[in-house]
Amino acid sequence: MSPPEYPTPLSHVHTRTSFMHRRTAPGEVPGTLVTDPNSPDPVFQILKYSIDTLYENKNVRLDAILSAPEYQPDDHSVTWINIEGLGNASAVEALGKAYRLHPLALEDVVNAHQRPKLEPYENVIYVVARMPHPEMLNDTEQVSFFLGKNFLITFQEGTPGDVFEPVRERIRESKGRIRQPNAAYLMYALLDTAIDQYFPQLEYYVDLLESIEDRILKFPYAEVASELHTIRRHLLFLHRSIRPLQDMLNAIMREERFVDEATRVYLRDCLDHTAQLMDMLDTYRDVATQLMDMSVSAAGHRMNEIMKFLTVMSSIFIPLTFIAGVYGMNFDHSVSPYNMPELHWVYGYPFCLFLMAISVIALIAFFRYRGWLGIPESDRHHRKTRRSQR
């Protein structure tokens, strides 16, 4: 499966707002379900499998899930119920009652702004994770997992598409040990797929940072500050989504009721992936900060160059203004022969222009010698030495 291609330039990238609003009123009864009015109605999907059997229905009715015997969990198979969309609180509540899901956990399901976490309950463990969108950059949705004995229930916010299709294909084709009657391994496979989806996004950012670095090196005065600010904000968003995953995975590994020792080995690999993601995030945030400093330094250097050029031009015109001012004074030559004798000299005007030109040439030569104009003499000598050594 090839990595997704995200849209460019960065200004066209879809970004979900970082500000979340809690819909439950202050002082409301704990466990009250208040759904997002913009969330779609739930679509129920079910996969029930064992080593030799497979039942799949991509759009099943809730009453069938609650009553059909072929969809009920048993000791020889794993039942995976996936719900896309949280727009119907009564349907979520009915499924919760059927599987004895705690009302506080269901409240966290419909309030889809939770940080990744694990909460143990009497008959299930409740896990929250952030799933990157497979086609949109810097966009995640909450996925809630209820892991019980031989069953797994997942709730998604309802954004079209998810990253779990490779896991479904592995179940259909019985690849690896996915068809073993182990719901904890299924949850690991889903979490691992969601976590691995962050890698293409970070790789997109590193390519973007490398292109910006090349632009700064080739064109030191390139305007990239806004792009770098956007990248840093996006990386911070990913940091808030990935960092709690480490604590959540550690909590799952300590769970002994539903997670066996063999699955903990795979969870350690998943935890290692989150550590790699955090290292990449820290590195790329540092790179973005350094490039921001380079951009600011380049802008300051450009301003210094402009001020130096204007200062040099002003310094060149100072003696010219002085000469023009001297010969512009109104002294009467008839009163004294020392009052502006050049005004009655046949070469007075050429002499004045020649004096101005000599002043300009002398100042330019002096500025260039001191390194205030162009490349300093020491740098020119250093460059000549390097060329001769090559």
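These figures come from a predicted structure and were not determined experimentally.

Chemist: Please give an account of the overall build of the protein chain that cites residues and values.
Modeler: When helices and strands are counted, the protein chain shows 10 helices and 7 strands. Taking all 390 residues of the protein chain together, 45% fall into the buried category. Long-range contacts, defined as pairs at least 24 residues apart, comprise 68% of the intrachain contacts of the protein chain with a sequence gap of at least 6. For the protein chain, the exposed area adds up to about 21500 Å²; of that, 57% sits on carbon and sulfur atoms.

Chemist: Pulling in residues and values, what's your account of a nonpolar patch on the surface?
Modeler: A surface patch of nonpolar side chains, about 670 Å² in accessible area, is lined by Met 303, Ile 306, Met 307, Phe 309, Leu 310, Met 313 and Phe 317. Turning to its location among the elements, Phe 317 is positioned in helix H8 (residues 261-327). Using a relative accessible area of 45% as the deciding quantity, one classes Phe 317 as partly exposed.

Chemist: Any chance you could break down the sheet that holds strand S4 (residues 117-120) for me, citing the residues and the numbers?
Modeler: Taken together, the 7 strands give an open sheet; going across it, the order is S2-S1-S3-S7-S6-S5-S4, and neighbouring strands pair in mixed fashion. Only two strands of the sheet have a single neighbouring strand rather than two, namely strand S2 (54-60) and S4. Adjacent strand axes in the sheet meet at a mean angle of 15° when their direction is disregarded. By the bridge criterion, 7 bridges tie strand S1 (residues 43-49) to strand S3 (residues 78-84) in an arrangement that is antiparallel. Within S3, the position partnered with Phe 44 by the bridge is Ile 83. Contacts between helix H3 (residues 103-110) and the sheet are confined to S4, strand S5 (125-132), strand S6 (140-148) and strand S7 (151-156), with S6 contributing the most and set at about 160° to the helix.

Chemist: Just give me the short version of empty space enclosed by the protein, but keep the residues and values in it.
Modeler: If you walk through the whole model with that rule in mind, you get 1 cavity of 30 Å³ or more. Put simply, the largest cavity is a space of about 30 Å³. Surrounding the largest cavity, Ala 129, Arg 130, Leu 191, Ala 194, Ile 195, Tyr 198 and Leu 245 form its lining. Mapped onto the lining of the largest cavity, the elements with two or more residues apiece are S5 and helix H5 (183-196). Class assignment of the residues belonging to the lining of the largest cavity gives a composition of 6 nonpolar, no polar and 1 charged.

Chemist: Lay out the packing of aromatic side chains with the relevant residues and their values.
Modeler: Taken as a whole, this structure holds 10 aromatic pairs when the rule is applied. Centroid distance Tyr 204 to Tyr 205: 5.6 Å. Interplanar angle 70°. Geometry classified as edge-to-face. Geometrically, the ring pair formed by Trp 345 and Tyr 347 is edge-to-face, given 6.0 Å between the ring centres and 80° between the ring planes. Since its relative accessible area comes to 43%, Trp 345 is described here as partly exposed. Overall, the relative accessible area of 53% leaves Tyr 347 in the exposed class. An aromatic cluster of three or more residues is present, and its members are Tyr 126, Phe 146 and Phe 155. Taking NZ or CZ as reference, Arg 177 lies 4.6 Å from the ring centre of Tyr 185, over its face.

Chemist: Which residues make up the nonpolar core, and what values go with them?
Modeler: Across soluble globular proteins, nonpolar side chains have a tendency to be buried as a group. Counting residues in each nonpolar core, the largest one holds 66 residues, and the members touching the most others are Phe 145, Leu 186 and Ile 252. Every residue in contact with Phe 145, bar those within four places of it in the chain, is listed here: Ile 125, Tyr 126, Val 127, Ala 129, Leu 152, Ile 153, Thr 154, Phe 164, Met 187, Leu 190 and Leu 191.

What counts and what doesn't
Numbers given to residues run from 1 along each chain, matching the order in which its sequence is written. The predicted origin of the model limits local features to residues at a pLDDT of at least 70 and limits the giving and counting of side-chain atom pairs to 80 or more, whereas totals for whole chains, interfaces and linings rest on all residues. Here the side-chain values reflect all heavy atoms present in the structure, with hydrogen atoms and water set aside. Strands are runs of DSSP state E lasting at least two residues, helices are runs of H or I lasting at least four, and both sets are numbered from the N terminus onward. Relative accessibility decides the category of a residue: with a 1.4 Å probe and only protein chains considered, values under 20% of the type maximum give buried, values over 50% give exposed, and everything between is partly exposed. The contact definition used throughout considers only heavy atoms, calling two residues in contact when any of these lie within 4.5 Å. Surface accessibility in these figures is a Shrake-Rupley result with a 1.4 Å probe; residues are shielded only by whichever protein chains are displayed. Patch membership requires more than 30% relative accessible area and the absence of a salt bridge. Residues of like charge join within 9 Å; the nonpolar side chains Val, Leu, Ile, Met, Phe, Trp and Tyr join within 5 Å. Salt bridge criterion: a side-chain nitrogen from Lys or Arg within 4 Å of a carboxyl oxygen from Asp or Glu. Pairing between strands is defined by DSSP: at least two bridges between the two strands are required. For every element, the axis is a line fit to its C-alpha atoms; helices are fit only across the contacting stretch, and the angle between N-to-C directions ranges from 0 to 180 degrees. A cavity, in this analysis, means grid points on a 1 Å lattice covering only the protein atoms where a 1.4 Å probe fits yet has no way out; a pocket is instead an open set bounded by protein on both sides within 12 Å along at least five of seven lines, and a residue lines either one if it has an atom within 4 Å of a point. Grid points are joined across faces, edges and corners, and a volume is the space filled by probe spheres set on the points. When residue character is reported, Ala, Val, Leu, Ile, Met, Phe, Trp, Tyr, Cys and Pro are called nonpolar, Asp, Glu, Lys and Arg charged, and the others, Gly included, polar. Only the six-membered ring of Trp is used, alongside the rings of Phe and Tyr, when aromatic pairs are assigned; centres must lie within 6.5 Å, and planes under 30 degrees apart are stacked while those over 60 apart are edge-to-face, with the rest tilted. Working rule: Lys NZ or Arg CZ, within 6 Å of ring centre, within 35 degrees of ring normal, means a charge sits over the ring. Each nonpolar core is a collection of buried residues, namely Ala, Val, Leu, Ile, Met, Phe, Trp, Tyr and Cys, held together in the definition by side-chain atoms within 4.5 Å.

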